[in-house]
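Spelled out, the chains give:
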Amino acid sequence: MKTYDLAVVGGCSAGLVAAINSKRINPKLRVAVIEKLPRIGKKLLATGNGKCNITNLQALEHDYVNKGFAEFALQSYPPEKIIDFFSSLGLLTYSDSCGRVYPESNTAASVTDALRFELERLGVDVICDTPVTEIKKTKNGFAVNGEYICEKLIIAAGGKSSAPQGSDGSGYALAKMLGHSVTKTVPALVPLNASPEITKPLKGVRVRNVCLTLKGEKILKKTEGEILFTDYGLSGIAAMELAATAQKYIDNVKRNPFTYIDFLPQMTFDNLFDYLKNLSKIKGFCQIDNLLTGILPKAAGIAVCKACKLYKADKEISSLTDKELRIIAEKIKKFPLEVTGTRGFPNSQVTSGGIKIEEINEKTMESKLCKNLYFAGEIIDVDGGCGGFNLQWAWASGMLAGELKQENDL
Ligand SMILES: Cc1cc2nc3c(=O)[nH]c(=O)nc-3n(C[C@H](O)[C@H](O)[C@H](O)COP(=O)(O)OP(=O)(O)OC[C@H]3O[C@@H](n4cnc5c(N)ncnc54)[C@H](O)[C@@H]3O)c2cc1C
């Protein structure tokens with residue numbers, strides 16, 4: 001049996017910074033990171049399309065699920081501190097106009113490498129190829145897999161999204177072994193299954209700056225950004241950000257919500273109608289296929305006309321009546337797709353749900369049920385939207401857990 005002061009289960013975003021912070025604060029600690037995959041930080045390599053969107057400068061204003069709980073960690077380790085932390089590892093960053101922060105190298109591998117070298121410099125034991133399957137509480141701490149003994153334990157095993165990158169939900173079982181409960185989990189930041197009979201002919205068509213409204217009996221959520229039509233439904237950031245809410249609605253209400261696309265949120269209905277009326281003057285002799293090519297990709301414009309039941313290949317624009325133009329303007333502002341589900345955990349970036357926040361002290365990340373046990377990252381019931389917010393949560397909660405504070409230290 002090998003003995004440590006601290007063992008961290010899960011060697012990716014939250015777990016790696018937790019180990020680093022604990023060792024920086026107290027260099028004498030004997031610290032181990034136990035990772036089931038052959039190498040640490042594998043998921044990080046896939047983040048931000050291989051560029052790793054490290055954090056977002058607007059994270060403190062972001063509408064995280066369970067924001068109240070997450071606030072202390074996020075304020076203790078705001079994006080600026082995370083940027084400084086990476087800078088202390090020699091990794092420089094830049095931010096774009098939306099506040100998204102990336103490594104100067106534009107390469108996610110640089111982030112993993114920076115963390116890996118720091119673990120090495122600090123003398124943290126990195127134990128790979130070791131899935132943790134059993135944790136037992138002992139008199140003075142924990143026994144992990146019957147092989148490692150530690151006084152303190154941080155579980156940072158992620159959720160169950162994108163399992164080949166490591167996190168397969170096994171962390172929840174470990175938390176349950178120590179008396180914790182897990183809320184219902186659903187895939188978040190994942191494409192939507194929605195009206196494939198409409199979206200399939202539009203496969204590959206991308207539309208920027210749309211507004212999506214998800215509606216059941218009432219409005220459930222609104223998002224803005226890009227959408228991508230696929231053969232099964234809708235992808236793109238604006239669609240993916242609706243997924244968790246849509247899935248929860250389907251599970252709870254047992255009915256499908258609709259998402260309404262506003263293709264031109266910057267234009268009022270009246271302005272749009274005037275624009276369309278003017279078009280019948282400018283290009284009245286053209287066929288209806290070309291009606292909306294000045295504002296939408298051609299295939300999307302045809303889909304709008306078809307949805308209005310006004311499409312006939314040889315119909316001339318000049319033949320459209322005011323009533324028909326009004327119907328088209330309405331459809332551009334409110335194009336409906338029925339959401340029947342999502343592409344599931346394997347295709348999701350994040351898991352919504354996790355260890356119950358009521359069971360964790362938000363000022364320390366220590367369990368309220370089991371002394372010397374801490375949690376960090378996505379395994380906790382906190383998640384955010386696209387744009388660096390989920391990694392920001394992983395870093396901030398990992399750093400805080402790594403302080404190994406207890407309630408009476410506060
Ligand atoms: C394709 C993709 C792109 C993304 N892009 C971004 C982005 O650009 N910006 C952003 O903010 N977020 C992004 N995310 C989300 C972000 O990667 C996660 O929210 C974040 O990595 C969570 O960190 P974590 O350390 O809590 O969990 P994870 O990163 O999931 O790490 C958990 C680790 O624990 C290990 N593990 C699990 N179970 C066990 C076990 N039983 N024993 C031992 N080890 C175990 C896993 O192998 C893994 O290494 C993306 C996610 C995906 C899938």
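In this text the structure is predicted, and so the values were computed from the model without any measurement. (Residues numbered from 1 in each chain as written. Predicted model: local features only at pLDDT ≥ 70, side-chain atom pairs only at ≥ 80, totals over all residues. Heavy atoms only, no water.)

1. Overview of the domain arrangement of the protein
Reports often express the size of an interface as the amount of accessible area lost when the parts come together.
Okay, so step 1: With domains assigned, the protein is organised as domain 1 (2-186 + 352-409), domain 2 (188-259) and domain 3 (269-335).
Okay, so step 2: If you look at the interface, domain 2 gives six residues, while domain 3 gives six residues.
Okay, so step 3: Contact between domain 2 and domain 3 buries roughly 460 Å² in total, counting both sides, with carbon and sulfur atoms accounting for 82%.
Okay, so step 4: Three residues stand out in domain 2 for area buried against domain 3, namely Leu202, Val205 and Val207, and they jointly supply 57% of the buried area on that side.
Okay, so step 5: If you look at where domain 2 meets domain 3, you find zero salt bridges. (Domains from an automatic or database assignment. Contact = heavy atoms within 4.5 Å. Buried area = accessible area lost by both parts, 1.4 Å probe. Salt bridge = Lys/Arg side-chain N within 4 Å of Asp/Glu carboxyl O.)

2. A few points about the site of the ligand
Okay, so step 1: The environment of the ligand is made up of 35 residues, and the closest members are Glu35, Gly48, Val132, Glu378 and Leu391.
Okay, so step 2: In this structure, an oxygen atom belonging to the ligand sits 2.6 Å away from a side-chain N or O atom of Glu35.
Okay, so step 3: Coverage of the ligand by the protein amounts to 95% of the 1,000 Å² it exposes when considered alone.
Okay, so step 4: Of all the secondary-structure elements, those providing two or more residues to the shell around the ligand are helix H1 (13-25), helix H2 (42-46) and helix H13 (389-402).
Okay, so step 5: No other element matches H13, which puts four residues into the shell around the ligand.
Okay, so step 6: Partitioned by chemical class, the residues of the shell around the ligand number 14 nonpolar, 17 polar and four charged. (Near = heavy atom within 4 Å. Polar contact = N/O pair within 3.5 Å; in protein donor to acceptor, adjacent residues only side chain to side chain. Areas by Shrake-Rupley, 256 points an atom, 1.4 Å probe, with all protein chains shown as cover. Helix = DSSP H or I, 4+ residues; strand = E, 2+ residues; numbered from the N terminus. Nonpolar A, V, L, I, M, F, W, Y, C, P; charged D, E, K, R; others polar.)

3. Comments concerning the packing of aromatic side chains
Okay, so step 1: Summed over all chains, the structure comprises seven aromatic pairs.
Okay, so step 2: Summarising the aromatic geometry, the rings of Phe258 and Tyr260 are spaced 6.3 Å apart at their centres and angled 25 degrees between planes, so their arrangement reads as stacked.
Okay, so step 3: Ring pairs connect the aromatic residues Phe85, Phe86 and Trp395, which therefore count as one cluster.
Okay, so step 4: Taking the ring centre of Tyr77 as reference, the NZ or CZ of Lys81 above it sits at 5.4 Å.
Okay, so step 5: Across from the ring centre of Tyr260, 4.9 Å away, lies the NZ or CZ of Lys334, which sits over that ring. (Phe/Tyr/Trp six-rings, centres within 6.5 Å; stacked < 30°, edge-to-face > 60°. Lys NZ or Arg CZ within 6 Å of the ring centre and 35° of its normal.)

4. What about the sheet that holds strand S11 (residues 192-194)?
Okay, so step 1: One closed barrel accounts for six strands, arranged S11-S14-S13-S12-S15-S16; its pairing is antiparallel. Pairs of neighbouring strands in the sheet enclose a mean axial angle of 45 degrees, with direction left out of account.
Okay, so step 2: Pairing of strand S13 (residues 219-229) with strand S14 (residues 233-235) involves two bridges; the strand directions are antiparallel. Considered in S14, the bridge of Phe229 is made with Leu234.
Okay, so step 3: The strands touched by helix H12 (residues 322-333) within the sheet are strand S15 (258-262) and strand S16 (335-342), with S15 carrying the most contacts at an inclination of about 115 degrees. (Pairing = 2+ DSSP bridges. Axes fitted to C-alpha atoms, helices over the stretch in contact; angles between N-to-C directions.)

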